[in-house]
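An overview of the molecular structure
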Amino acid sequence: MSDLQVKTENVAAVLKVFAVMEALVEDKRASLADLAQKAMTSKTTAHRLLQTMVELGYVEQDPETEKYGLTLKLFSLGARSLNEHADMLKVADTAMGRLSRATGEAVNLGILDDRDQRVVYIHKYDSVFNLSMKSTLGLRNPLHSTSLGKALLAWRNDEEISDRLAKMEFTPLAPNTITERGRFSEELKKTRERGFAEEIEESEAGVRCMAVPIFNHLGKPIAAMSISFPLFRFQEDRKPEYIALLKDASSEASRSLGFEA
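Right, let's walk through the structure included here. Here the structure is a predicted model, which is why all the values come from computation and not from measurement. (Residues numbered from 1 in each chain as written. Predicted model: local features only at pLDDT ≥ 70, side-chain atom pairs only at ≥ 80, totals over all residues. Heavy atoms only, no water.)

Details of the packing of aromatic side chains
Here the structure, examined in full by the defined rule, presents 6 aromatic pairs. Considering the side-chain rings of Phe229 and Tyr242, the 4.7 Å spacing of their centres and the 45 degrees angle between planes classify their relative orientation as tilted. Here Phe229 is found in strand E8 (residues 221-230), whereas its partner Tyr242 is found in helix H9 (residues 239-256), with 13 residues between them in sequence. Each member of the pair, Phe229 as well as Tyr242, is classed as buried. Measuring from centroid to centroid gives 5.5 Å for Phe234 and Tyr242, while their planes differ by 50 degrees, and the two rings are tilted. (Phe/Tyr/Trp six-rings, centres within 6.5 Å; stacked < 30°, edge-to-face > 60°. Helix = DSSP H or I, 4+ residues; strand = E, 2+ residues; numbered from the N terminus. Buried < 20%, exposed > 50% of the residue type's maximum accessible area, 1.4 Å probe, protein only.)

Written out as C-alpha cells, the structure reads:
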C-alpha cells in the first residue's frame, strides 16, 4: 500500500470518528445503526471506532438499551481548552451581567474560530422573558450573518479582513442575510465607524442583535459580546441607550485586559 493510500485511509477514519462524535452531541444517545448511517460507514467499522472510543473513555454504552453516549471526558477537554480564555471570561462575565440586568435580554459572548470563519458561543446570559432567542454554548455560526461576527472582523487590518472574506461562503440563512462579499465589506467599514455591529434578521427571522468587540492589551479583538432582541420587543427609542450600554461594557472588559484606547 502506498503512502498516499495510507494517508487517505487515515483521514477517512478521523472524519468518521468526528462524525460519530457530532452525532452523539446532537442526539445524546444513539444506536450503532444510527451512528453508522450518520458517519456513512458500515456497522462493522462504526462498531470498531466506538469500541476504541469506549476504551479511551470518551464514549459509554448503556447495557440495557445498547445505545452509545458521550462521557464527561470530552467536556473536560473542552473546559481545559477554555482555560486559555479564563481572564477574558472573568472580565466579560462582569460586563455581561450588567448588560443582562439593564436590558433583561439575551447576552452572548463569542470568539472567532480560525479554522472555518465562524463564531463560537462560549458564554451567555439568557433573557428573563419567555419569548426570546435561545443560544447554545459551543454553537458555531457563520461570521457573515451575525453581529458577533461583524464585531470580531471589523477592527482587524484590511489585509486580514480581505483574506478572511475570500474564504467565507455567503450562504443565505434568514430574510436579510448579506450574500455579497462587497456589500459585507462595506458593512464592516460602517460597523467600525459607528463603534458597534448590528444585524436585523440576518441570522434568524424575527431576531435583531447588536454587538461590540473586546480588545486585549495589544489592541486585538479577541471576543465580542452581543444583545439579542425579538423584533417585536426592540424599542427603537431606546436604541441609543442600548448602544451606550454595549460600548461601556466593551470598554470595561477591554480595560480589564490591559487595553488602552
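Points about the packing of helix H6 (residues 147-154) against helix H8 (residues 181-194)
Closest axis-to-axis distance for the H6/H8 pair is 9 Å, and the angle between their directions is 75 degrees. On the basis of their axis angle, the class for H6 and H8 is roughly perpendicular. In this structure, H6 uses Lys150, Leu153 and Ala154 to contact H8, whose residues at the interface are Phe184, Glu187, Leu188, Thr191 and Arg192. Residue composition of the contact of H6 with H8, grouped by class: 4 nonpolar, 1 polar and 3 charged. (Axes fitted to C-alpha atoms, helices over the stretch in contact; angles between N-to-C directions. Parallel < 35°, antiparallel > 145°, perpendicular 65-115°, else oblique. Contact = heavy atoms within 4.5 Å. Nonpolar A, V, L, I, M, F, W, Y, C, P; charged D, E, K, R; others polar.)

Description of the packing of helix H7 (residues 158-167) against H8
Between H7 and H8, whose axes approach to 11 Å, the crossing angle comes to 145 degrees. Classified by chirality, the crossing of H8 by H7 is right-handed. Within the contact between the two elements, H7 uses Ile161, Leu165 and Ala166 and H8 uses Arg181, Phe184, Ser185 and Leu188. (Left-handed = near helix turned anticlockwise from the far one by under 90°.)

Side note on H7
Every buried residue belonging to H7 is among Ile161, Arg164 and Leu165, and all of these are buried. Buried residues of H7, seen end-on, are gathered within an arc of 100 degrees and therefore sit on one face of the element. In H7, the exposed residues that point more than 90 degrees away from the buried face are Glu159, Ala166 and Lys167. Looking at the buried positions of H7, the neighbouring elements they touch are strand E3 (106-113), H6 and H8. (Arc of directions from axis to C-beta.)

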